[in-house]
Amino acid sequence: MAFEIRYATADELPQVNELRAQVNLLHAEGRPDIFRPGFCEELRERVYQEFGDEGSDVIVAVSGGAVCGFLIAQYIRRPESAYCHPREFYRVEEFGVSPAYRRQGIGTALIAFCTEEAKKRGFSKMELDVWEFNRDAQRFYEAVGFHTYRRYMELELGNL
């Protein structure tokens, strides 16, 4: 299957939102205590904000004119603090591939494209977070070279 990875155009953002809605549903089903079901106007508008922001990228995988994958990245620059050195990294904020197009190299190509773009912009690191329930995503991210360096944990107080 042939596909192209590139920066999104404004007319592709509704298709990106269709994929984002699928990702949101996955999260709402995986952690209904945190994520709200549905895909409200505020969520739909977010991709347009990221698209117009100089500090972020909206990248798509396109096959036969259809958006089959997307990645939204942000340029993070944190100043030095009493605790930390200054940090700069290219953050994968949102990512998804249509179920019909998975396991065909699209996700790997999206990450590879972003890796090169991050390097061109002077970043030496990419970061992302992934939810513990999403084992498929964890395996994918590890397969393309990401590793865990920090972990959030929770304690349900109602169970004590």
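All of these numbers come straight from a predicted model, not from anything done at the bench.

Focus on the pairing of strand β3 (residues 66-78)
Reasoning step 1: With respect to burial, β3 is a largely interior element, ten of its 13 residues being buried.
Reasoning step 2: Two strands pair when backbone bridges link them, and strand β2 (residues 56-63) and β3 are joined in this way by eight bridges, in the antiparallel orientation. Bridge pairing links alanine 61 to glycine 69 in β3.
Reasoning step 3: As judged from the ten bridges shared by β3 and strand β4 (residues 87-97), these two strands associate in the antiparallel manner. When the bridges of β4 are listed, alanine 73 appears paired with valine 92.

Things to note about the packing of aromatic side chains
Each aromatic ring pair is specified by the distance between its two centres and by the angle formed by the two planes.
Reasoning step 1: Applying the stated criterion to the full structure yields nine aromatic pairs.
Reasoning step 2: Measuring from centroid to centroid gives 5.7 Å for tyrosine 75 and phenylalanine 123, while their planes differ by 50°, and the two rings are tilted. Within this pair, whereas tyrosine 75 is found in strand β3, its partner phenylalanine 123 is found in the loop between α3 (106-120) and β5 (126-128), the two being separated by 48 residues in sequence. The exposure classification of tyrosine 75 matches that of phenylalanine 123, with both residues buried.
Reasoning step 3: Ring pairing ties together the aromatic residues Phe95, Phe140, Tyr141 and Phe146, which thus form one cluster.

Things to note about unusual backbone geometry
Reasoning step 1: The backbone phi angle of arginine 103 is positive, close to 60°, even though this residue is not glycine.
Reasoning step 2: Note on placement: arginine 103 falls in the loop between β4 and α3.
Reasoning step 3: The exposure class of arginine 103 is exposed, given its relative accessible area of 81%.

Observations concerning the nonpolar core
The nonpolar side chains of a soluble globular protein tend to be buried with one another.
Reasoning step 1: If you look at the biggest cluster of nonpolar residues, it comprises 24 residues, and the most contacted ones within it are Ile5, Ile59, Leu71, Tyr90, Phe95, Leu110 and Met126.
Reasoning step 2: Elements with a contribution of two residues or more to this core: β2, β3, β4, α3, β5 and α4 (135-143).
Reasoning step 3: No other element matches α3, which puts seven residues into this core.
Reasoning step 4: Counting eleven residues, the second-largest nonpolar core is a separate cluster that includes Val16, Val47, Val67 and Phe70.

Observations concerning the pattern of salt bridges
Reasoning step 1: Applying the stated criterion to the full structure yields 17 salt bridges.
Reasoning step 2: Between aspartate 136 and arginine 139 there is a salt bridge, with its nearest N and O atoms 2.6 Å apart. Residue aspartate 136 and its partner arginine 139 are located together in helix α4, separated by three residues, close to a single helical turn.
Reasoning step 3: Owing to a relative accessible area of 51%, aspartate 136 belongs among the exposed residues under this scheme.
Reasoning step 4: Here the salt bridges share partners, and the residues they tie into one network are Arg46, Glu50, Arg91, Glu93 and Asp129.

Definitions and cut-offs
- Residues numbered from 1 in each chain as written.
- Predicted model: local features only at pLDDT ≥ 70, side-chain atom pairs only at ≥ 80, totals over all residues.
- Heavy atoms only, no water.
- Buried < 20%, exposed > 50% of the residue type's maximum accessible area, 1.4 Å probe, protein only.
- Helix = DSSP H or I, 4+ residues; strand = E, 2+ residues; numbered from the N terminus.
- Pairing = 2+ DSSP bridges.
- Phe/Tyr/Trp six-rings, centres within 6.5 Å; stacked < 30°, edge-to-face > 60°.
- Core = buried A, V, L, I, M, F, W, Y, C linked by side-chain atoms within 4.5 Å.
- Salt bridge = Lys/Arg side-chain N within 4 Å of Asp/Glu carboxyl O.

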